[in-house]
Amino acid sequence: MFDLSAFNVDLSKFAAVVAILVGVGKLLKTVPAISNAYIPAILFLLGIVSYPLAAELFTGGAFFVGAAAGLTAVGAHQNLVQAREVIKQADDKSQTP
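Everything numeric in this text was worked out from a predicted model, so none of it was measured.

Novice: With reference to specific residues and values, describe helix 2 (residues 39-55).
Specialist: The α-helix winds at 3.6 residues per turn, so residues separated by three or four positions along the chain end up facing the same way. When the terminal C-alpha atoms of helix 2 are compared, their 23 Å separation across 17 residues agrees well with the 24 Å that a helix rising 1.5 Å per residue should span. Considering bend angle alone, the principal kink of helix 2 is centred on Gly47 and spans about 25°. Buried within helix 2 we find Ile39, Leu43, Gly47, Tyr51, Pro52 and Ala55. Close packing links the buried residues of helix 2 with helix 1 (11-29) and helix 3 (60-95). Glu56 occupies a position one or two residues after helix 2 and carries a positive phi of about 50°.

Right under this line is the structure:
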């Protein structure tokens, strides 16, 4: 198993940051001036800033964990989008005579 003690990861704060970033990402999708292509980079940068602030820990490891939180938010959103698509396709197939 991985030893995360070197990064001083507070999993509850990590999860909170990821959840907030997923919400921020959904909000950013509603802004016409922001291309969807830029949202992962924005979340990555917001993660780098937000996790150290949430954890009150300003070390290289905290910034790394923040970057991971931003990328995790992007991945979580993609999983939700793909799950919705699979469910929609299954529903469409079940309604076809």
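Novice: Requested: an account of the pattern of salt bridges, with residues and values cited.
Specialist: Any two side chains of opposite charge can pair, so long as their charged atoms come close to each other. Counting across every chain of the model gives one salt bridge. Where Asp10 meets Lys13, a salt bridge forms, and the shortest distance between an N and an O atom there is 3.9 Å. With a relative accessible area of 28%, Asp10 lands in the partly exposed category.

Novice: Now, about the packing of helix 1 against helix 3: what can you tell me, with residues and values included?
Specialist: Interhelical geometry of helix 1 versus helix 3 gives an angle of 60° and a closest axis separation of 8 Å. With respect to their mutual orientation, helix 1 and helix 3 come out oblique. Helix 1 and helix 3 meet at a crossing whose hand is right-handed. The residues of helix 3 that touch helix 1, namely those facing Phe14, Val17, Val18, Leu21, Val22, Lys26 and Lys29, are Val65, Ala68, Ala69, Gly70, Thr72, Ala73, Ala76, His77 and Arg84. Residues belonging to the contact of helix 1 with helix 3 are distributed by class as follows: 10 nonpolar, three polar and three charged.

Novice: Would you mind going over the packing of helix 2 against helix 3 in detail, with residue names and values included?
Specialist: For any two helices packed against each other, the geometry comes down to the angle between their axes and how far apart the axes lie. Where helix 2 meets helix 3, the closest approach of the two axes is 7 Å, and the angle between their N-to-C directions is 140°. Between helix 2 and helix 3, the interaxial angle falls into the category oblique. Here helix 2 runs over helix 3; the crossing is right-handed. Side by side, helix 2 and helix 3 meet where Pro40, Leu43, Phe44, Gly47, Ile48, Tyr51 and Pro52 of the first sit next to Ala62, Phe63, Val65, Gly66, Ala67, Gly70, Leu71 and Val74 of the second. In terms of residue class, the contact of helix 2 with helix 3 is made up of 12 nonpolar, three polar and no charged.

Procedures and definitions
- Residues numbered from 1 in each chain as written.
- Predicted model: local features only at pLDDT ≥ 70, side-chain atom pairs only at ≥ 80, totals over all residues.
- Heavy atoms only, no water.
- Helix = DSSP H or I, 4+ residues; strand = E, 2+ residues; numbered from the N terminus.
- Expected span 1.5 Å × (residues − 1).
- Bend = angle between axes of the 7 residues up to and from the residue.
- Buried < 20%, exposed > 50% of the residue type's maximum accessible area, 1.4 Å probe, protein only.
- Contact = heavy atoms within 4.5 Å.
- Salt bridge = Lys/Arg side-chain N within 4 Å of Asp/Glu carboxyl O.
- Axes fitted to C-alpha atoms, helices over the stretch in contact; angles between N-to-C directions.
- Parallel < 35°, antiparallel > 145°, perpendicular 65-115°, else oblique.
- Left-handed = near helix turned anticlockwise from the far one by under 90°.
- Nonpolar A, V, L, I, M, F, W, Y, C, P; charged D, E, K, R; others polar.

These results come straight from atomic positions and should not be treated as a statement about function.
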